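What follows is each chain in one-letter form.
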Amino acid sequence: MSAPLRPRPAGPTGPVVSWDSAVPGARATSRLLTVGVVGAGRVGAVLGAALAAAGHRVVAVSGSSGASRARLALLLPEVPRRPVTAVAHAAADLLLIAVPDDKLAGVVTDLAERDALHPGQIVAHTSGAHGLTVLGPAVAAGARPLALHPAMTFTGTPDDLARLDGISYGVTAPAELRPLAARLVADLGGVPEWVAEADRPLYHAALAHGANHLVTLVNEATDRLRDAGVSRPEKVLAPLLRTALENALRLGDDALTGPVSRGDAGTVQRHLARLTATAPESVPAYLALARRTADRAIAAGRLRPVDAQSLLGVLADSGREVAA
């Protein structure tokens, strides 16, 4: 059952940062913002609902697909759906753009060309890959730029609201907007991580490598267990993977275990032989991760170089066979 929407306090304890004091040149209002959301995907709909629960006025949202309408019915049932330009006009204080990375520049440029943005308005996006440069057309129109990326995976349901508590947001902001950015993140129940403009691609690559590739890795392991005759692979993997993740986050490379970290070349060779026969599509990924695991184990002192020689030879030979 989905968790019900629950009101969040209008702000955390401590000094209140008002809109007019945090943003030079902005109109004098209370610290509650009038917000429009462009994009009712999983992220936009959830963050819009979280801002509304924090007391901000979400006055318009865009989203025309069936999935978007269903999300809005769950998360923002009283907020009218409007065309993108109408949402931008209605967003007197904050326009939150939550669209796919590759569409962001086009949306911002189109809004600027249509004179849908206004001076003093905050234009924020939720992309992890982009910083402030992509908002250049908005800045030229007098708007204030903000990159606000939640480091979380979303389902687009009310259950996501409870998961927002305590998560990090990768924030890139001009110095004068940092107080407001910090306030917004606090209202969302999160913690800001200040990311420099030049570091946004690396920041996002790290998150995608860790989270997106983790899903692929888990599903690969699940499939191979099914190939081995295991009827409920998720039951086998759940305690093992949870513990491995917790140990990795707590201990770093000291959490490494298994045949690669021990230099067990014979075991790894048998793995590769069976994978080649059963699921050859899995072999390149296994090889790449095994090589990187060996590198890290050696660097961390978990695997002595002399003990790694046979293992590295197996990986190199198998790699040549895959390439051939």
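Quick note: structure is the one above.
Everything numeric in this text was worked out from a predicted model, so none of it was measured.

About the thresholds
- Think of each chain on its own: its residues are numbered from 1, step by step along the sequence as written.
- Since the coordinates come from a predicted model, pLDDT governs what is reported: local features require at least 70, and pairs of side-chain atoms require 80 or more to be given and counted, while whole-chain, interface and lining totals use all residues.
- Side-chain descriptors were evaluated using all non-hydrogen atoms of the structure, hydrogens and water having been removed beforehand.
- When a carboxyl oxygen of Asp or Glu is within 4 Å of a side-chain nitrogen of Lys or Arg, the pair counts as a salt bridge.
- Elements are defined by DSSP. Helices are runs of H or I of four residues or more, strands are runs of E of two residues or more, and each kind is numbered from the N terminus.
- Partly exposed describes any residue whose relative accessible area lies between the buried limit of under 20% and the exposed limit of over 50%, with all areas from a 1.4 Å probe on protein chains only and scaled to the type maximum.
- Residue contacts follow a heavy-atom distance rule, with two residues in contact if any of their heavy atoms lie within 4.5 Å.
- Pairing between strands is defined by DSSP: at least two bridges between them are needed.
- Every crossover in which the path from the first strand over the helix to the second runs clockwise, viewed with the strands pointing away from the viewer, is termed right-handed.

J.: Explain the pattern of salt bridges to me, please; I cannot follow it from the model alone.
T.: A pair can form between side chains of opposite charge whenever their charged atoms are brought close. Taken as a whole, this structure holds eleven salt bridges when the rule is applied. A salt bridge links Glu220 to Arg224; its shortest N-O distance comes to 3.7 Å. Of the two residues, Glu220 and Arg224 are both situated in helix 9 (residues 200–227); the distance of four residues between them amounts to about one turn of the helix. Among the ionic contacts, a cluster of salt bridges with common partners joins Glu220, Arg224 and Asp227.

J.: Sorry, what's going on with the side chain of His149 here?
T.: Within the secondary structure, His149 sits in strand 5 (residues 144–150). Taking relative accessible area as the criterion, His149 reaches 11% and is therefore assigned buried. Excluding anything up to four places from it in sequence, His149 contacts Thr126, Ser127, Gly128, Ser168, Tyr169, Gly170, Arg200, Tyr203, His204 and Leu207.

J.: What am I meant to see in the pairing of strand 1 (residues 34–38) here?
T.: Each regular strand shows side chains that alternate between the opposite faces of the sheet. For strand 1, the buried fraction is high: five of the five residues fall into the buried class. The alternating pattern of strand 1 places Thr34, Gly36 and Val38 on one face and Val35 and Val37 on the opposite face, and all of these are buried. Sheet analysis places strand 1 next to strand 2 (residues 57–62), joined by five bridges and oriented parallel. What sits directly across from Val37, in strand 2, is Val61. In terms of handedness, the path from strand 1 via helix 2 (residues 42–53) over to strand 2 forms a crossover that is right-handed. Both strand 1 and strand 3 (residues 94–97) contribute to a ladder of four bridges, which runs parallel. The residue bridging Gly36 from the neighbouring strand is Leu95, located in strand 3.

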